[in-house]
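# Summary of structural features
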Amino acid sequence: MKINDGNQLNKSNPDKIKERRKTVLNWVVLNFGILLIAVGIHFFKAPNNFATGGVSGISIILTKYVTKSVPFITQPVINLIINAILIIIGFIFLGKGCTFKTAYCSIMYTVEMYAMQWILQALGIELNAQNTLTSHKFLEFVYAMLLTGIGSAILFNCNASSGGTDIIALIIKKYAKINIGKALFVTDLLIASSTFIIFDTATGLFSVLGLFFKAFLVDSVIESIGKSKLVTIITANEELIAPFIIEGMHRSFTSYKAKGGYSGEEKTIMITVCNRKEAYRLKAKIRQTDPAAFVILTDTNEILGKGFRPGF
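Described in the following lines is the structure provided in the data block.

The rules behind each value
- Residues numbered from 1 in each chain as written.
- Predicted model: local features only at pLDDT ≥ 70, side-chain atom pairs only at ≥ 80, totals over all residues.
- Heavy atoms only, no water.
- Pairing = 2+ DSSP bridges.
- Helix = DSSP H or I, 4+ residues; strand = E, 2+ residues; numbered from the N terminus.
- Axes fitted to C-alpha atoms, helices over the stretch in contact; angles between N-to-C directions.
- Contact = heavy atoms within 4.5 Å.
- 1 Å grid on protein atoms, 1.4 Å probe; cavity = no way out; pocket = protein on both sides within 12 Å on 5 of 7 lines; lining within 4 Å.
- Points joined across faces, edges and corners; volume = space filled by probe spheres on them.
- Nonpolar A, V, L, I, M, F, W, Y, C, P; charged D, E, K, R; others polar.
- Buried < 20%, exposed > 50% of the residue type's maximum accessible area, 1.4 Å probe, protein only.
- Salt bridge = Lys/Arg side-chain N within 4 Å of Asp/Glu carboxyl O.

### Thoughts on the sheet that holds strand β3 (residues 266-274)
The strand order β2-β3-β1-β4 describes an open sheet built from four strands, whose pairing is antiparallel. Two strands close off the open sheet at either side, each with one partner strand: β2 (254-259) and β4 (294-300). On average, each strand axis in the sheet is inclined to that of its neighbour by 20 degrees, with strand direction left out of account. Note: strand β1 (residues 228-235) against β4, seven bridges, orientation antiparallel. When the sheet's bridge partners are listed, I234 is paired in β4 with F294. Packing of helix α10 (residues 238-248) onto the sheet brings it into contact with β1, β2 and β3, and relative to β3 it is tilted by some 15 degrees.

If you want it as structure tokens, here you go:
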């Protein structure tokens, strides 16, 4: 019994190591997403008053009025205050797991924006509506949307958000069962539309365009990041393929017997789900060991369950 327990423990160690690596990678990717959002807001969105929604949009609007009266209450401070309120709401409706990551993201990207502001001040540079990073407003708009949109999608894929209306979007998604892009569109439309009155027509048009751009971009990036492969294998030699799926890929599969409609031969249909890299390895292995097998690879946008993403 002791030997068996030891063997079982040794077999579980690779899974634990793999899980730890996956956790570390998840946090690295999460912080990369935070950095993209911070850069997009501080260097491109805020100086141009692109209030495309979210707490960053609200804070950009409020900065126009508040900072003039109280100089030390800057856009990052307003951003942090609003996020703190919404994080409490998120804790109530989404639970502590998602809320912890969201709180971390909110604090980190506020700190990063402060750091960027301090560095620019040390260099004697001040970014505002009269002094933007470049003289090309459309170019800055594109970078603002790309950086913040991709950053938000990365955070959503890590089961977190940058805070603010993203929290409201996650709540709507949880209870209304609509995709995140549409949820963000609903919560941010009013904010973007207000820029017509508060700033000018050009800024308003950019803000509304950015709202549409971000909604579609977030959904597209999330689908691209989470894309996996559903592999269906029709074979007469299950025993040649099964060991590679289980031992080589550390995946499992479902199989059942079937009969060919034309040949009448007994076949086994094997179904497994894996990432794209594993799918191409599996395809190459099948080609090598069982050239007569019939293989179907199908793109999947979201896989929920053990070994992929928890979603139930």
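### Concerning the layout of surface pockets
Of the pockets and cavities examined, the second largest pocket occupies roughly 750 Å³. Around the second largest pocket, the lining is made up of 23 residues, and of these A46, T63, E126, L127 and N128 lie nearest the centre. Secondary-structure elements contributing two or more residues to the lining of the second largest pocket are α1 (2-48), α2 (54-69), α3 (75-94) and α4 (96-122). Sort the elements by how many residues they give to the lining of the second largest pocket and α2 lands first, with five residues. When grouped by side-chain class, the residues that make up the lining of the second largest pocket number ten nonpolar, ten polar and three charged.

### A short note on unusual backbone geometry
The residue N49 is not glycine, and still its phi comes out positive at about 60 degrees. When its relative accessible area of 16% is taken as the criterion, N49 is described as buried. Backbone geometry at H250 places phi at a positive 55 degrees, although glycine is not the residue there. The residue H250 is located in the loop between α10 and β2 in this model.

### Considering the pattern of salt bridges
Between side chains of opposite charge, pairing is possible as soon as their charged atoms come close. As enumerated under the stated definition, the model contains three salt bridges in all. For D299, the salt bridge goes to K229, with nearest N and O atoms at 2.5 Å. Separated by 70 residues along the polypeptide, D299 in strand β4 and K229 in strand β1 bring together distant segments of the chain. Residue K229 is classed as buried on the basis of its relative accessible area of 10%. Its salt-bridge partner being E265, residue K267 comes within 3.6 Å of it at the nearest N-O pair. In this structure K267 comes out as partly exposed when scored by relative accessible area, which is 23%. Overall, the relative accessible area of 44% leaves E265 in the partly exposed class.

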